[in-house]
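Listed below are the residues making up each chain.
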Amino acid sequence: KAVVSTQSGHYGRGATADDMDEVRQQNMAYEYLCHLEEAKKWIETCIDADLGATIDIEEALRNGVSLAKLGNYFAPDVVPEKKIYDTDLSRFMKRGLHFKHTDNINYWMNAMASIGLPQIFFPTTPDLYDKKNMPKVIYCIHALSIWLNKLGKAPNMENLLGIAEFTEEEITEMRRALEDYGISIPAFNKIGGILEKEIGVDEAAKHAAVIAINELLLKEDPDVTLKALQNKKAYLNHIEVQNQAKYHDILFLAKLDKTETAQDEGKTSKDCDIYEFYLTHVEVQDIIDDINDIVRKEIAEAKFRTAISDINKCLANESASELIVALQVPASRLKHVNDKNSEIYLEFLVAAQNSREGNLNVEEIQEVLELAKKKKVPTATLR
């Protein structure tokens, strides 16, 4: 398992517009799979259950049992456990979906309505039960997680973009499923902004929390900064604990730069708005999002470099069995790897590596794989 690149620098030689469009579609499918896994893991945490493989989660949600249990988790008065139909899934496992499973879906929606989640996020029953628009269902679950977290009723949903790993086959299967839906994928990254407008933000408390963040940066303690960022009254999203040192360092430097710029312009705190010197809420959130993106890309790139290095090591060992495993690690971003061609791959890649007198890069490896299918000698191409 590995991450599909969201970078644009690995299309290979002579990439056409169709090639780049395919990469874009694959990346879109990967991102949606990440959102599926985020939703799956969050629900599993809330209801203490195993929902199975991420690639199958859309199908698993259609009976509404897990969602009704989720409703029971945050609104037990609205969804008593005894009302949930087929709670042990025995009926579903034997005979599949039954119209009474729609009762579970309705209980879930009633629970969401009871806590005030804006109706704009709600899917319809056919969206879920008939699988008419599963992306809208997953979009709703993401919005629900943010809403419940702001209310202090549920844990935060983990951001797995660039971290979650899927095989090329899983990503391709999801890409085809999304094409079958024939709809646009919702803008998951805009959920927080939409909810902030609806949740009735206490602007005074938010202002005070942002000021506190700016002032606590002076303590130069990442733990203190993290606690300030996690203050619910700051209304900041996607705080990832593992990035706390980077949050502190970049926020500290950004605030220092803003303060020095204001002072160089002759501004004083007595005469100007405090935000001439301090970071605004938007600036803090943008820095958090930028750092999260950078870290995810760094993780993806590290896995990619390791995968290519491992392939080259397998060539040095001249082990066909080890090589085929290394070639199929999705982090390598290689396509069309065939189990049956392991010996041919080894022969051709070793020849290419010897010709190059050094390690092969991903474009060179992919080119050799394509040549191996046609049983052509690659050395002249890679000189």
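Residues numbered from 1 in each chain as written. Predicted model: local features only at pLDDT ≥ 70, side-chain atom pairs only at ≥ 80, totals over all residues. Heavy atoms only, no water.

Asks: Sorry if this is basic, but what is going on with the overall build of the chain here?
Replies: Counting its regular elements, the chain contains 17 helices and zero strands. Dimensions along the principal axes, computed over C-alpha positions, put the chain at roughly 70 × 70 × 35 Å. Here the chain holds 383 residues, and 47% of them are scored as buried. Carbon and sulfur atoms make up 49% of the accessible area of the chain, which totals about 19,400 Å². Here the chain carries 46 positive and 63 negative side-chain charges, and the mean point of each set is 4 Å from the other. (Helix = DSSP H or I, 4+ residues; strand = E, 2+ residues; numbered from the N terminus. Buried < 20%, exposed > 50% of the residue type's maximum accessible area, 1.4 Å probe, protein only. Areas by Shrake-Rupley, 256 points an atom, 1.4 Å probe, with all protein chains shown as cover. Lys, Arg positive; Asp, Glu negative; His and termini not counted. Charge placed at Lys NZ, Arg CZ, Asp CG, Glu CD.)

Asks: Would you explain the pattern of salt bridges in this entry?
Replies: For side chains of opposite charge, pairing can occur when their charged atoms come near one another. For the structure on display, the rule yields 15 salt bridges. Note that Glu240 and Arg296 form a salt bridge whose closest N and O atoms lie 3.5 Å from each other. Residue Glu240 is found in the loop between helix H11 (222-230) and helix H12 (244-264), and its partner Arg296 is found in helix H13 (residues 281-317); the two are separated by 56 residues along the sequence. Taking relative accessible area as the criterion, Glu240 reaches 7% and is therefore assigned buried. (Salt bridge = Lys/Arg side-chain N within 4 Å of Asp/Glu carboxyl O.)

Asks: Please clarify how the packing of aromatic side chains should be interpreted in this entry.
Replies: Here the distance between the centres and the angle between the planes together describe a pair of aromatic rings. Under the definition given, this model contains three aromatic pairs. With a centroid separation of 5.9 Å and an interplanar angle of 65 degrees, the aromatic rings of Tyr30 and Phe166 are classed as edge-to-face. Residue Tyr30 is found in helix H1 (residues 17-47), and its partner Phe166 is found in the loop between helix H7 (134-150) and helix H8 (168-181); the two are separated by 136 residues along the sequence. Across this residue pair, the class does not change: Tyr30 and Phe166 are buried. Considering the side-chain rings of Tyr139 and Phe188, the 5.6 Å spacing of their centres and the 85 degrees angle between planes classify their relative orientation as edge-to-face. Placement of the pair is Tyr139 in helix H7 and Phe188 in the loop between H8 and helix H9 (191-198), with a sequence separation of 49 residues. The class for Tyr139 is buried, based on a relative accessible area of 10%. (Phe/Tyr/Trp six-rings, centres within 6.5 Å; stacked < 30°, edge-to-face > 60°.)

Asks: What should I look at first to understand the side chain of Thr225 in this one?
Replies: Tracing the backbone through its elements, the reader meets Thr225 in helix H11. Overall, the relative accessible area of 1% leaves Thr225 in the buried class. Each residue touching Thr225, except ones within four places of it in the same chain, is listed here: Leu216, Leu217, His248 and Leu251. (Contact = heavy atoms within 4.5 Å.)

Asks: Hey, could you run me through the nonpolar core in this one?
Replies: What tends to happen in soluble globular proteins is that the nonpolar side chains get buried as a cluster. Within the largest apolar cluster, 57 residues are counted, with the highest numbers of intra-cluster contacts made by Trp42, Leu70, Trp108, Leu117, Ile141 and Leu144. If you list the elements that add at least two residues to this core, you get H1, helix H2 (57-61), helix H3 (65-74), helix H5 (101-114), helix H6 (125-129), H7, H8 and H9. The contacts of Leu144, once residues within four sequence positions are left out, are Trp42, Leu70, Phe74, Trp108, Met112, Ile115 and Leu117. Ala326, Tyr345, Val368 and Leu369 belong to the second-largest nonpolar core, a separate cluster that totals 23 residues. (Core = buried A, V, L, I, M, F, W, Y, C linked by side-chain atoms within 4.5 Å.)

Asks: What's the story with the packing of H1 against H7 in this structure? I'm lost.
Replies: Angle between the axes and distance between the axes are the two parameters that describe a pair of packed helices. Packing of H1 against H7 leaves a shortest axis separation of 10 Å and a crossing angle of 50 degrees. Classed by the angle they form, the pair H1 and H7 counts as oblique. Considering only the axes of H1 and H7, their crossing is left-handed. Each of Tyr32, His35, Leu36, Glu38, Ala39, Trp42 and Ile43 in H1 lies in contact with H7, whose residues at this interface are Met134, Pro135, Ile138, Ile141, His142, Leu144, Ser145 and Leu148. Looking at the contact of H1 with H7 residue by residue, the class counts come to eleven nonpolar, three polar and one charged. (Axes fitted to C-alpha atoms, helices over the stretch in contact; angles between N-to-C directions. Parallel < 35°, antiparallel > 145°, perpendicular 65-115°, else oblique. Left-handed = near helix turned anticlockwise from the far one by under 90°. Nonpolar A, V, L, I, M, F, W, Y, C, P; charged D, E, K, R; others polar.)

Asks: Would you mind going over unusual backbone geometry with me for this structure?
Replies: For residues that are not glycine, phi is negative in most cases, and the peptide bond is trans in most cases. The phi dihedral of Tyr235 is positive, around 55 degrees, even though this residue is not glycine. Relative to the helices and strands, Tyr235 is located in the loop between H11 and H12. Look at His238: it is not a glycine, yet its phi comes out positive at around 60 degrees. Structurally, the position occupied by His238 is in the loop between H11 and H12.

Asks: Just checking my understanding: could you explain the environment of Leu323 for this structure?
Replies: When you line up the elements, Leu323 lands in helix H14 (residues 320-327). When its relative accessible area of 1% is taken as the criterion, Leu323 is described as buried. For the pair Leu323 and Ile47, spaced 276 residues apart in sequence, the C-alpha separation works out to 41 Å.

Asks: Could you clarify how one ought to interpret helix H15 (residues 342-356) in this entry?
Replies: It helps to recall that an α-helix has 3.6 residues per turn; residues three or four apart then point in one direction. Its 15 residues give H15 an end-to-end C-alpha distance of 21 Å, which sits within 8% of 21 Å, the value for a rise of 1.5 Å per residue. Where H15 is concerned, the buried positions are Ser342, Tyr345, Leu346, Phe348, Leu349, Val350, Ala352 and Gln353. Positioned one or two residues after H15, Glu357 has a phi angle of 60 degrees, which is positive. (Expected span 1.5 Å × (residues − 1).)

Asks: Please clarify how H5 should be interpreted in this entry.
Replies: Across its 14 residues, H5 extends 20 Å between first and last C-alpha, which sits within 8% of the 20 Å expected from 1.5 Å per residue. Residues of H5 that are buried include every one of His101, Thr102, Asn104, Ile105, Trp108, Met109, Ala111 and Met112, and no others. Positive backbone phi, at 85 degrees, marks Gly116, one or two positions downstream of H5.

Asks: For this particular structure, what's the right way to read the confidence of the model for the chain?
Replies: Reading fine detail from the predicted coordinates is not recommended where pLDDT is low. Per-residue confidence for the chain gives a mean pLDDT of 88; residues scoring 70 or more make up 93%. In the model of the chain, helix H17 (residues 379-382) stands out as the element of lowest mean pLDDT, 43, in contrast to H3, which has the highest, 97. The low-confidence segment residues 1-12, where pLDDT is below 50, has 40 contacts with residues more than four positions distant or belonging to other chains. Every residue in residues 376-383 scores below 50 in pLDDT, and together they form 19 contacts with partners more than four places removed in sequence or on other chains. (pLDDT = per-residue confidence, 0-100.)

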